[in-house]
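So you can see what is in the structure, the chains are spelled out below.
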Amino acid sequence: MSLPVQPGPTPPDDVRRRLEAFRQQRGYLLPHLGALAAALPALQDAYGPFYRTLVQEPQHLTAFESEFVWLVLLTAAGEALGTHHVDLFYRHGGTGRQAQAAFRVAAWSAGTGAYAFLDRHWQSHFPDVPAAAAYQDAMRTLLAGLDVPEELARLALLSAQSARSDHWGVEQAIRACYAAGVAEPRMVQALSLALWPCGINRFIEACDIWLALMQAGAVTPSPSFQAWADTPDQHGSAVARQDQR
């Protein structure tokens, strides 16, 4: 049974009320909020709590850690609209040296393809340069001397690789996080930030790679994440499974 279609746009006074309420709550408006208020008010109602939970409320990253990840993520994704995160980065104690570190990590995410190419096509020609090991070794060199903890840089790289839909890079970042003892909930939060600028599909892809690594025994998950790995049939409908063959 289908639900009734909404009869038309939201009344003008309600649109104005909604937008003003949002401005009072958040301190600013963006153009898409007017479109939601005028045509999809229920979605606008859900928008605020989702954003607050994803971006504003403390989870497993500190406010500074979150904003460092945001800076790397938005740069890697080429998303210039998130300039309020630049302000938040500085407000939460970010420095020019740490911003330099963020751009270095973002640039490194863009160069991962060279190692992926070696791994997929030329590894037999360079047996003394194992792609994954060389990539991880170069990452350690890159991180040396940065004015941020290595763990935070790795979390930011994980988010950036997800944003770029770089599956090889995501896999290597997950492996490196486990090797460094990074807590899994912190990894999830870093990955989840890409939901906002890049969409749910990037998060699904990254989690699918993570799930495959756990199920293959390539990483050793905690009991909570092992419960996730042990759950059968996580690829949706039969149509979805067919698409992945």
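Residues numbered from 1 in each chain as written. Predicted model: local features only at pLDDT ≥ 70, side-chain atom pairs only at ≥ 80, totals over all residues. Heavy atoms only, no water.

Novice: Any chance you could explain the packing of aromatic side chains here in plain terms?
Specialist: Aromatic ring pairs are defined here through the distance separating the ring centres and the angle between the ring planes. Applying the stated criterion to the full structure yields 16 aromatic pairs. Taking the centre distance of 5.6 Å and the plane angle of 25 degrees together, the rings of Phe50 and Trp196 count as stacked. Residue Phe50 is found in helix H3 (residues 41-56), and its partner Trp196 is found in helix H12 (residues 195-198); the two are separated by 146 residues along the sequence. For Phe50, a relative accessible area of 42% translates into the label partly exposed. By relative accessible area, Trp196 is classed as partly exposed at 29%. Both rings, one in Trp210 and one in Phe225, keep their centres 5.4 Å apart while their planes meet at 20 degrees; by these two values the pair is stacked. Placement of the pair is Trp210 in helix H13 (residues 200-215) and Phe225 in helix H14 (residues 223-230), with a sequence separation of 15 residues. Classification of Trp210 by relative accessible area gives buried; the value is 0%. With relative accessibility at 13%, the residue Phe225 sits in the buried group. Through a chain of ring-to-ring contacts, the aromatic side chains of Phe22, Tyr47, Phe50 and Trp196 assemble into a single cluster. (Phe/Tyr/Trp six-rings, centres within 6.5 Å; stacked < 30°, edge-to-face > 60°. Helix = DSSP H or I, 4+ residues; strand = E, 2+ residues; numbered from the N terminus. Buried < 20%, exposed > 50% of the residue type's maximum accessible area, 1.4 Å probe, protein only.)

Novice: Looking at this structure, I do not really get the pattern of salt bridges. What am I missing?
Specialist: Oppositely charged side chains are able to pair whenever their charged atoms sit close together. Taken as a whole and judged by the stated rule, the model has 11 salt bridges. For Arg16, the salt bridge identified is with Asp13, shortest N-O distance 2.9 Å. Taken together, the residues Arg16 and Asp13, both in helix H1 (residues 12-26) and three residues apart, mark about one turn of the helix. Comparing Arg16 with Asp13, the two get one shared label, exposed. With a closest N to O distance of 3.0 Å, Glu150 and Arg154 form a salt bridge. With Glu150 and Arg154 both in helix H9 (residues 150-163), this residue pair falls four residues apart, about one helical turn. When salt bridges with common partners are traced through the structure, they connect Glu65, Glu151 and Arg186 into a single cluster. (Salt bridge = Lys/Arg side-chain N within 4 Å of Asp/Glu carboxyl O.)

Novice: Whenever I open this one, a nonpolar patch on the surface confuses me. Can you help?
Specialist: Among the surface-exposed residues, Phe117, Trp122, Phe126 and Val129 lie close enough to one another that they form a single nonpolar patch of about 370 Å² accessible area. Take Trp122: it is sitting in helix H7 (residues 112-122). The partly exposed category is assigned to Trp122, whose relative accessible area is 43%. (Patch = residues over 30% accessible without salt bridge, like charges linked within 9 Å, V, L, I, M, F, W, Y side chains within 5 Å. Areas by Shrake-Rupley, 256 points an atom, 1.4 Å probe, with all protein chains shown as cover.)

Novice: Honestly, helix H6 (residues 96-110) in this entry has me stumped. Any pointers?
Specialist: Structural remark: α-helix, 3.6 residues per turn; residues separated by three or four positions point the same way. Over its 15 residues, H6 runs 21 Å from end to end, which matches the ideal 21 Å to within 8%, given 1.5 Å per residue. Residues Gln98, Ala99, Ala101, Ala102, Val105, Ala106, Trp108 and Ser109 constitute the buried set of H6. (Expected span 1.5 Å × (residues − 1).)

Novice: Just to check I follow, could you spell out unusual backbone geometry for this structure?
Specialist: Apart from glycine, the bulk of residues carry a negative phi angle, and the bulk of peptide bonds sit in the trans form. At Ser165, a position not held by glycine, the phi torsion is positive, near 55 degrees. At Asp233, a residue that is not glycine, the phi angle is positive and equals roughly 55 degrees. Its location among the elements puts Asp233 in the loop between H14 and helix H15 (238-243). Accessibility expressed as a relative area gives 55% for Asp233, which makes it exposed.

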